Every structure is written in structure tokens, then in C-alpha cells.
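Residue strings, one per chain:
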2 protein chains.
Amino acid sequence: MAKFMDVHHGMTGITEEQLRMAHQADLAIEGDEGVHFEQAWADPASGTVYCLSEAPSKEAVQRIHERTGHPADEIHPVPLIV
Amino acid sequence: MAKFMDVHHGMTGITEEQLRMAHQADLAIEGDEGVHFEQAWADPASGTVYCLSEAPSKEAVQRIHERTGHPADEIHPVPLIV
């Protein structure tokens, strides 16, 4: 298992409710791929969303995000954390 | 006070020790601007570093990062968190 930070662009105007619903949709099926989405942060002005997860691979993270209708634009493993 | 996610590019090959030292340098002076850097994640392969902070403004975040020698390439307010 490793940590990943994924980034979504083009989410301009996202609301708290939309972010919460998207996160809940991921949480509902994340177990299928052994992924856990820990936290998400959104900047509605620039349309950027960051998701921190623990997962077996970046492909596993993407499969969950694709199934819930919001594929990530970037997924970075983040092995270093302070 | 607000939450910010800042992003540094071009940090390819960054080590755990370098990340820790950069973070410590920020922590040592962050109080001058009323900033607190909460966590940082690095992907040495792509050279990307993400820093989560609480701060009065993005300019305050950048002033700290500039004084410690690693200005951010992007700083996003992230008012939505789940």
C-alpha cells in the first residue's frame, strides 16, 4: 500500500455538497480495489480538487474515480510525507 | 485564516531528508506571517511537492516559502474539505 495525491482540474464552481457527494461515492466502492480515500480539498475558484488516498496502485485509484464519474487528471505517488 | 494547498514542481529526486529540512525551515519562521504548515507530501519521481497550510492569505504562504528558498509554483485556497 502507498499514499497517492490525485488532482482534478476543471471543477470550477464545485460546491461543498458536490464535493461531499463525490467523496461519498468513492468511499462507497473504494473497498473493491483496496483503496481508501482519506481526504479531499477543493478550490472552487480555480476548479482544482486534491484527493489523498492509500491504495495498492495509481491504477486502482483511477478505477474507483472512473467508476464514480470523475477520473483524475493526475495521480502522484507521494512516498515522502512530513 | 484559511486553508491553502501549494504545489512545487521541479523537485525531482527530492529525498526524505531534504523534504524534512525544507519543512523545518518553513516551520521555524512561519509565525512571522501567522502561517502554519500542517503537512507536506512529495513525489520524487515527478518532482512534485504539495504543502497544506493554514494562513491569513496566499501571499503570506508565499513570503515564507520565498524566505526559505523554495517559492511555490501554485498556491490554491481550499475552502472545501471532506
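Residues numbered from 1 in each chain as written. Chains lettered and ligands numbered in written order. Predicted model: local features only at pLDDT ≥ 70, side-chain atom pairs only at ≥ 80, totals over all residues. Heavy atoms only, no water.

A. Quick peek at the relation of the copies chain A and chain B. After a rotation of 180 degrees and a shift along the axis of 0.0 Å, chain A superposes on chain B with an RMSD of 0.0 Å. In symmetry terms, the pair is related by a two-fold rotation axis. Taking the C-alpha atom as reference, chain A places Tyr50(A) closest to the rotation axis, 4.9 Å from it. In this assembly the copies share their binding face: 100% of the residues contributing to the interface of chain A also contribute to that of chain B. (Least-squares fit on C-alpha atoms with pLDDT ≥ 70 in both. Contact = heavy atoms within 4.5 Å.)

B. Broad picture of the packing of aromatic side chains. Evaluation of the coordinates by the stated rule reveals two aromatic pairs over all chains. The interplanar angle of 70 degrees and the centroid separation of 5.9 Å between the aromatic rings of Tyr50(A) and Tyr50(B) together place this pair among those described as edge-to-face. In this pair, Tyr50(A) is assigned in strand β3 (residues 48-55) and Tyr50(B) in strand β3 (residues 48-55), connecting two distinct chains. Here the two residues Tyr50(A) and Tyr50(B) agree in accessibility, since each one is buried. (Phe/Tyr/Trp six-rings, centres within 6.5 Å; stacked < 30°, edge-to-face > 60°. Helix = DSSP H or I, 4+ residues; strand = E, 2+ residues; numbered from the N terminus. Buried < 20%, exposed > 50% of the residue type's maximum accessible area, 1.4 Å probe, protein only.)

C. Main features of the interface of chain A and chain B. Opposite the 26 residues of chain A that make contact, chain B presents 26 residues. For the pair chain A and chain B, the two sides together bury roughly 2300 Å², of which 69% comes from carbon and sulfur. Inspection of the region where chain A meets chain B yields zero salt bridges. Remark: the boundary between chain A and chain B carries eight residue pairs in polar contact (both at pLDDT 80 or more). Residue assignment for the side of chain A that touches chain B shows that the elements contributing at least two residues are β1 (2-8), α1 (16-29), β2 (36-43), β3, β4 (74-77) and β5 (80-81) of chain A. Per element, the largest residue contribution to the side of chain A that touches chain B is five residues, and it comes from β2(A). For the side of chain A that touches chain B, the residue count by class is 16 nonpolar, six polar and four charged. Here β5(A) runs beside strand β2 (residues 36-43) of chain B; their pairing, made up of two bridges, is antiparallel. Along β2(B), the bridge assignment pairs Ile81(A) with Trp41(B). (Buried area = accessible area lost by both parts, 1.4 Å probe. Salt bridge = Lys/Arg side-chain N within 4 Å of Asp/Glu carboxyl O. Polar contact = N/O pair within 3.5 Å; in protein donor to acceptor, adjacent residues only side chain to side chain. Nonpolar A, V, L, I, M, F, W, Y, C, P; charged D, E, K, R; others polar. Pairing = 2+ DSSP bridges.)

D. Quick peek at the sheet that holds β2(B). Taken together, five strands build an open sheet; the order of strands is β5(A)-β2(B)-β3(B)-β1(B)-β4(B) and the sheet is antiparallel. Taken across any chain shown, the strands that pair with only one partner, and hence form the sheet edges, are β5 of chain A together with β4 (74-77) of chain B. Summarising the sheet, strand β1 (residues 2-8) of chain B and β3(B) pair through seven bridges and their orientation is antiparallel. Across the sheet, residue Val7(B) finds its bridge partner in β3(B), namely Tyr50(B).

E. Fine view of the pattern of salt bridges. Enumeration over the complete set of coordinates arrives at ten salt bridges over all chains. With a shortest N-O distance of 3.6 Å, Lys3(A) and Glu54(A) are connected by a salt bridge. Placement of the pair is Lys3(A) in strand β1 and Glu54(A) in strand β3, with a sequence separation of 51 residues. On the accessibility criterion, Glu54(A) (30% relative accessible area) is partly exposed. For Arg67(B), the salt bridge identified is with Asp32(B), shortest N-O distance 3.1 Å. Highlighted residues: Arg67(B) in helix α2 (residues 58-67) and Asp32(B) in the loop between α1 (16-29) and β2, separated in sequence by 35 residues. For Asp32(B), a relative accessible area of 53% gives the class exposed.

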